[in-house]
Amino acid sequence: MQLIAAVVHTIRTRPLRKFARLACIVIGVLLASAFVGTVVTLRSRPTDKPFLSFWDFTVRAASRRVDNDTGYLIPFRSKCNEFWQTKGGFVECSAPILRGGMPSRLGVFDPSAAAASRGGASRGASGAGSSARGGSDSSKRSPTTKTAATTNTSTSLSEICRNNRDPHNPDCPVLWITYITRCTFSSNRFGDVLSEAGIPLAVLGLGTLWKGRWGLRVRALHDFLVSLPDDKLIVWSDADDVLPVPSITVEGILERYNRLVDFYNGPRVFFGAETVCYPAGHLWYNYTDPSSIPGAPGHTPFRYLNAGTMVGPAGLVRRMLALVYQEDCFDDQLLFTLAHLDPVVWWRDPSSNELLVASKRNEPPAIRQTHVIDTIIDWLTHDGLVPSIVHFNGTYRQAPELPHPTRAIPQPLIGLDHWNILMLAMYGVDISGYTLDDSRRSVHVSVTNSRPLILHQNGEKSLDRSLEVLARAFGYPYDAAALRRSEQLGGRTHLSADAH
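Let me sum up the structure you'll find in this document. Computed from a prediction, not measured in an experiment: that's the story for all the values here.

1. Observations concerning the overall build of the protein
Reasoning step 1: The helix and strand inventory of the protein stands at 16 helices and 16 strands.
Reasoning step 2: Evaluated residue by residue, the protein yields a buried proportion of 51% over its 500 residues.
Reasoning step 3: Expressed as a percentage of contacts within the protein between residues at least 6 apart in sequence, the contacts between residues at least 24 apart total 81%.
Reasoning step 4: Put simply, the protein shows about 23,000 Å² of open surface, and 57% of that area lies on carbon and sulfur atoms.

2. Here's the deal with helix H12 (residues 332-341)
Reasoning step 1: Of all 10 residues in H12, nine are buried; the element is thus mostly enclosed.
Reasoning step 2: By the burial criterion, the buried members of H12 are Asp332, Gln333, Leu335, Phe336, Thr337, Leu338, Ala339, His340 and Leu341.
Reasoning step 3: By the N-cap criterion, in which a side-chain oxygen at the helix start approaches the backbone nitrogen of a residue two or three places on, H12 is capped by Asp331, the distance to Gln333 being 3.0 Å.

3. A short note on the environment of Asp171
Reasoning step 1: Counting through the fold element by element, Asp171 comes out in the loop between helix H7 (157-163) and strand E1 (174-179).
Reasoning step 2: Sequence spacing of Asp171 and Lys232 is 61 residues, and the spatial spacing of their C-alpha atoms is 9.8 Å.

4. What about the packing of helix H8 (residues 185-197) against helix H15 (residues 466-474)?
Reasoning step 1: One can describe the packing of H8 onto H15 by two numbers: an axis separation of 13 Å at closest approach and a directional angle of 45°. It follows from the interaxial angle that H8 and H15 lie oblique. For the element pair H8 and H15, the recorded crossing hand is left-handed. Seen from H8, the contacting residues are Phe185, Ser186 and Arg189; seen from H15, they are Leu467, Glu468 and Ala471.
Reasoning step 2: Classifying every residue of the contact of H8 with H15 by side-chain character gives three nonpolar, one polar and two charged.

5. Describing the nonpolar core
Reasoning step 1: Membership of the largest hydrophobic core comes to 103 residues, with the highest contact counts inside it found for Trp176 and Met320.
Reasoning step 2: One finds Trp210, Trp214, Leu216 and Ala220 within the second-largest nonpolar core, a separate group that totals five residues.

6. Thoughts on the pairing of strand E2 (residues 201-204)
Reasoning step 1: Residue alternation in E2 divides its side chains into two sets, Leu201 and Val203 and Ala202 and Leu204, and both sets are buried.
Reasoning step 2: By the bridge criterion, four bridges tie E1 to E2 in an arrangement that is parallel. Across the sheet, residue Thr178 finds its bridge partner in E2, namely Val203.
Reasoning step 3: Crossover connection from E1 via H8 to parallel E2: handedness right-handed.

7. Some thoughts on a nonpolar patch on the surface
Reasoning step 1: On the surface, Leu22, Val26 and Leu30 cluster together into a nonpolar patch covering about 290 Å² of accessible area.
Reasoning step 2: Assignment of secondary structure puts Val26 in helix H2 (residues 14-44).

8. Looking at the sheet that holds strand E13 (residues 423-425)
Reasoning step 1: Taking strand neighbours across the sheet as the criterion, the three strands line up as E4-E16-E13 in an open arrangement whose pairing is mixed. Strand pairing shows two members of the sheet lacking a second neighbour, strand E4 (242-244) and E13, which therefore form its edges. The sheet shows a mean angle of 15° between the axes of neighbouring strands, direction not considered.
Reasoning step 2: Direction of pairing for E13 relative to strand E16 (residues 454-456): parallel, over a ladder of three bridges. By the bridge assignment for E16, Ala425 is matched with His456.
Reasoning step 3: Contacting E4 and E16, H15 crosses the sheet at an angle of about 25° to E4.

9. As for the sheet that holds E2
Paired through backbone hydrogen bonds, the strands of a sheet run either parallel or antiparallel to each other.
Reasoning step 1: One open sheet holds the six strands; their spatial order is E2-E1-E3-E6-E5-E12, and the pairing between them is mixed. Where the open sheet ends on each side, the last strands, each with one partner, are E2 and strand E12 (414-417). Averaged over all neighbouring strand pairs, the angle between strand axes comes to 30°, with direction disregarded.
Reasoning step 2: Each of E1, E2, strand E3 (233-237) and strand E6 (304-313) is contacted by helix H9 (residues 214-225), which is oriented at about 145° to E1, the strand it contacts most.

10. Let's talk about the packing of aromatic side chains
Reasoning step 1: Inspection of the entire model under this criterion finds nine aromatic pairs.
Reasoning step 2: For the ring pair Trp176 and Phe190, a centre distance of 5.9 Å and an interplane angle of 75° mean the geometry is edge-to-face. Of this pair, Trp176 sits in strand E1 while Phe190 sits in helix H8, and the two are 14 residues apart along the sequence.
Reasoning step 3: We classify Trp176 as buried; its relative accessible area is 0%.
Reasoning step 4: When its relative accessible area of 0% is taken as the criterion, Phe190 is described as buried.

Cut-offs used in this document
- Residue positions are given per chain, counting from 1 as you read along its sequence in written order.
- The predicted origin of the model limits local features to residues at a pLDDT of at least 70 and limits the giving and counting of side-chain atom pairs to 80 or more, whereas totals for whole chains, interfaces and linings rest on all residues.
- Only heavy atoms go into the side-chain values, all of them from the structure, while hydrogens and water stay out.
- Numbering of helices and strands runs from the N terminus, with a helix taken as a DSSP run of H or I at least four residues long and a strand as a DSSP run of E at least two residues long.
- Throughout this description, buried means an accessible area under 20% of the type-specific maximum (1.4 Å probe, protein chains only), exposed means over 50%, and partly exposed covers the range between.
- Contact criterion: two residues are considered in contact whenever any of their non-hydrogen atoms come within 4.5 Å of each other.
- Only the protein chains shown count as cover for residues, and the accessible areas themselves come from Shrake-Rupley with a 1.4 Å probe.
- Definition of a polar contact: a pair of N or O atoms within 3.5 Å, with one able to donate and the other able to accept a hydrogen when the atoms are protein atoms, and with sequence-neighbouring residues admitted only if both atoms are side-chain atoms.
- Every angle, taken between N-to-C directions, lies between 0 and 180 degrees, and every axis is a line fitted to C-alpha atoms, over only the stretch in contact when it is a helix.
- Note that the term roughly parallel is reserved for angles under 35 degrees, roughly antiparallel for angles over 145, roughly perpendicular for angles of 65 to 115, and oblique for everything else.
- Two helices crossing with the near one rotated counterclockwise from the far one by less than a right angle form a left-handed crossing, whereas a clockwise rotation gives a right-handed crossing.
- In this classification, the charged set is Asp, Glu, Lys and Arg, the nonpolar set is Ala, Val, Leu, Ile, Met, Phe, Trp, Tyr, Cys and Pro, and all remaining amino acids, among them Gly, are polar.
- We define the nonpolar core as a collection of buried residues of types Ala, Val, Leu, Ile, Met, Phe, Trp, Tyr and Cys that are connected through side-chain atoms lying within 4.5 Å of one another.
- Criterion used throughout: strands pair if DSSP finds at least two bridges between them.
- Looking down the strands as they point away from you, a crossover is right-handed if its path from the first strand over the helix to the second goes clockwise.
- Patch building starts from residues that exceed 30% relative accessible area and form no salt bridge, then joins like charges within 9 Å and nonpolar side chains (Val, Leu, Ile, Met, Phe, Trp, Tyr) within 5 Å.
- Salt bridge, as used here: a side-chain nitrogen of Lys or Arg that lies within 4 Å of a carboxyl oxygen of Asp or Glu.
- Two rings from Phe, Tyr or Trp (for Trp, the six-membered ring) form a pair when their centres sit within 6.5 Å of each other. Planes less than 30 degrees apart are called stacked, planes more than 60 degrees apart edge-to-face, and all others tilted.

Geometric values such as these leave the question of function open.
Next comes the structure, spelled out in structure tokens:
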């Protein structure tokens, strides 16, 4: 008690009281300054990109390098502080997965090691660097890949692709790419469905150890695309939680991609859209409200980028990845979110006719050299300088050739599939919102009145097992044990009996 009394007496002394008052004043001034600075910053920030003023892909790109001999991205920060726990359930890889396995400098593909896989993980989409550059540099030429429309009009594209499933088949305009380290029941099913549909699949990462390096997948995809022609349309997706519908075909993918290009009139690379802004929720304000898009077909809850599915021409995707890659440990969904909101833009160089990609924050030199008079003429005669959308080789709408050197007007590169024209990110959609058609080969999504070809169940799955429910309804193999666990937890494991 005497000690406490002494402390109280010391605190009450006059010099200490003066010091306490002075400290309070200093703290109050600092807090007030911080508050005023925050208010001024918020009031003066750009209304279209309120939280992105610190981000500049072009400036950050100066710290990255591309190997001049191979065209591969040089890795940066490959050791990540990730507490990633791999789960059990690994099985022998199915034939389509093994057939799609490609050599990778990130880990040489060994079929025997993959078949006897123990410990690892599989999630999603990527490809790794090819050991060769593929002959010529495809970045310096216009798209020239042949398609079924130009080689054999009596044979469908699906049959041409089915007859030669080599990922580098020049006659097949579509290639699906995924990144799998160890095979699971779900990834094998994914490969089997694509094989049945005759869609070529490239699989990299087999036999390597998964360490939660999401940025590595970005680098791996870039390096693999070095060996592909610019006009090859690629689909990049996760594997374990992705399910193509039974009606999917090569022609169907091309047709849906064309619809996306026609509707959004500018972007050439499309991601699925989801209902939540993840992983950086504070960026929600930067996104465009889908209802404000011209010609919007109606309400949609799918507003934010989901990196689990992506589709676009290999040349533009590769250039985008070279621009935005940060490090192997950088979250891929955050990376693509920032690229979309930046926005990253594309155009053709007026002099070389080469496809170029850059950050919107740094105006391309070719654009700055455009003459004012020519620009005014173009505005009057070419509807705002937007390059016309044209068919290329009879398959899908590519980046058009430039008829005039001044029409190199940057367009946003990345678009989102807000209305599930091609792909659906399922998180936030109740299972009652799905109904099958009479043939049980496609699913109708009531919230957007759509029938997507690619289903991706993103997010937590312990309670919601909609993907397994749909797999069972399609007649695919399904995880019965997962459905039983979900049912025990109160999840719904049956679709509506009403056919749409």
